[in-house]
Each structure stands twice: as C-alpha cells, then as structure tokens.
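Chain by chain, the residues:
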Amino acid sequence: VSLREAFWPLLGNWTGVEEQAASPWAPASSARAMVTFKLDVGDAVVVQDYRQVRADGAEFSAHGVFMLDPAGAPILWWLFDSAGQPPAVAEGEWSSSTLTLTKHTPRGAAWHRFTVDGDELAYAIEIQLGEDPVRSRFLTGRYRRISGH
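Residues numbered from 1 in each chain as written. Predicted model: local features only at pLDDT ≥ 70, side-chain atom pairs only at ≥ 80, totals over all residues. Heavy atoms only, no water.

Asker: I tried to follow empty space enclosed by the protein on my own but got confused; where do I start?
Answerer: Space left empty within the atom packing is revealed by a probe, the size of a water molecule, rolled over the atoms. Taken as a whole and judged by the stated rule, the model has one cavity of 30 Å³ or more. Put simply, the largest cavity is a space of about 40 Å³. Forming the boundary of the largest cavity are E18, V35, F37, Q48, Y50, F114, L121, Y123 and Y143. Sorting the residues of the lining of the largest cavity by element identifies β2 (29–40), β3 (45–54) and β9 (120–129) as the ones contributing at least two each. The class makeup of the residues in the lining of the largest cavity is seven nonpolar, one polar and one charged. (1 Å grid on protein atoms, 1.4 Å probe; cavity = no way out; pocket = protein on both sides within 12 Å on 5 of 7 lines; lining within 4 Å. Points joined across faces, edges and corners; volume = space filled by probe spheres on them. Helix = DSSP H or I, 4+ residues; strand = E, 2+ residues; numbered from the N terminus. Nonpolar A, V, L, I, M, F, W, Y, C, P; charged D, E, K, R; others polar.)

Asker: Is there a simple way to think about the pairing of strand β5 (residues 75–81) in this case?
Answerer: Two faces belong to every sheet, and in a regular strand the side chains alternate between them. Judged from the seven bridges that link them, strand β4 (residues 59–68) and β5 form a sheet pairing that is antiparallel. Residue pairing across strands places H63 opposite F80, the latter belonging to β5. The sheet contact formed by β5 and strand β6 (residues 90–95) spans three bridges and is antiparallel. Paired with W77 across the bridge in β6 is A90. (Pairing = 2+ DSSP bridges.)

Asker: Just checking my understanding: could you explain the pattern of salt bridges for this structure?
Answerer: For side chains of opposite charge, pairing can occur when their charged atoms come near one another. Counted under the stated rule, the structure contains five salt bridges. The shortest N-O distance in the salt bridge between D119 and R145 comes to 2.7 Å. Of this pair, D119 sits in the loop between β8 (108–117) and β9 while R145 sits in strand β10 (residues 136–147), placing them 26 residues apart in sequence. Judged by relative accessible area, D119 falls into the partly exposed class, the value being 44%. By relative accessible area, which is 10% here, R145 ends up buried. A salt bridge links R137 to E126; its shortest N-O distance comes to 4.0 Å. You can see R137 sitting in strand β10 and its partner E126 sitting in strand β9, a full eleven residues away along the chain. The exposure class of R137 is partly exposed, given its relative accessible area of 42%. Connected via shared salt-bridge partners are E126, R135 and R137. (Salt bridge = Lys/Arg side-chain N within 4 Å of Asp/Glu carboxyl O. Buried < 20%, exposed > 50% of the residue type's maximum accessible area, 1.4 Å probe, protein only.)

Asker: Hey, could you run me through the packing of aromatic side chains in this one?
Answerer: The description of two aromatic rings rests on the distance between their centres and on the angle between their planes. What the rule picks out here adds up to ten aromatic pairs. The interplanar angle of 85 degrees and the centroid separation of 5.8 Å between the aromatic rings of F7 and W94 together place this pair among those described as edge-to-face. Taken as a pair, F7 in helix α1 (residues 3–7) and W94 in strand β6 lie far apart in primary sequence, 87 residues in all. Neither F7 nor W94 differs from the other in exposure class; each is buried. Three or more aromatic residues joined by ring pairs make a cluster, and in this case those are F7, F37, F66, W77, W94, F114 and Y123. (Phe/Tyr/Trp six-rings, centres within 6.5 Å; stacked < 30°, edge-to-face > 60°.)

Asker: Whenever I open this one, the sheet that holds β5 confuses me. Can you help?
Answerer: By definition, the strands of a sheet pair up through backbone hydrogen bonds, in either a parallel or an antiparallel sense. Pairing is antiparallel around the closed barrel formed by ten strands, whose spatial order is β1-β2-β3-β4-β5-β6-β7-β8-β9-β10. Between one strand and the next, the sheet's axes are offset by a mean angle of 25 degrees, whatever the strand orientation. Here strand β7 (residues 98–105) runs beside β8; their pairing, made up of eight bridges, is antiparallel. Among the inter-strand pairings, T102 is bridged to a residue of β8, identified as W111. (Axes fitted to C-alpha atoms, helices over the stretch in contact; angles between N-to-C directions.)

Below is the structure:
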C-alpha cells in the first residue's frame, strides 16, 4: 500500500472542538483546533499542520511528518510542537478506518488514535506518565473536513 492510499481518508483540512484533561503542562480546557494533512516531498511523506486555541486564549501548534517505514509495515510519525521537546518517533498502523500510533519517551508513553468516517474525524490521546501504570485520557477531539481530500 502506498502512502497516498494509506492516508487518502485523512488528507485535507479539518476544524473542530477538543477537550483536554488537566496535565503537568496545562490546565483542563476546551479548545478550537484546525489540522491539515497533505502529501508532500513527491508523495514520500504526509505533512500535518496543527493549531489549537484554548478557551483562555492560549495557543499550541505542531508540525507532524508521517512516512512509511522503508524496512517494514509500521507508519512512522514525528511531531514537532510549540512545547519545544525534540520529537520521539511514534509507530503505528491503520486498522480499518483508524490510525493508531504509540510513542515512548523518558516522560512516559502516548497513544494517538485518528478515526475517519467520511468527512468526520475523531482524535484521542491517552498518556501514561513516568512509571505510573495508569493510562489516562489526555485529549479528545471531533472535527469536520472543510476542504480537500
């Protein structure tokens, strides 16, 4: 499967509402978010641009890069964000209409799930901090495609 085929359902511009749980990095908040997924570099990568504006006016932005692992099946994802930490690679795969990616860092682990249903996108992040065995919901978002494909 080519990157174009794998990411076709996700390509385009999306806007929606997110609910973020309290964390060591920010208080609980609702937010508006915009995200774009587009093919780039001769269809070798999918580039993601993300901007979140929280209810208190605080902003968070990120730039993601997805590619197929040339050595095998996993999808690789690097997310550079305005928090400024160097990105660790997340690995994952599509199962039906859901892309699930897992990332491990010295701070803990994160599970990202993108589920596409036509022009609707659901996104969820669960985290596990440090040695704590409990996974908790960090963010949930619902978006609609406003253009592209």
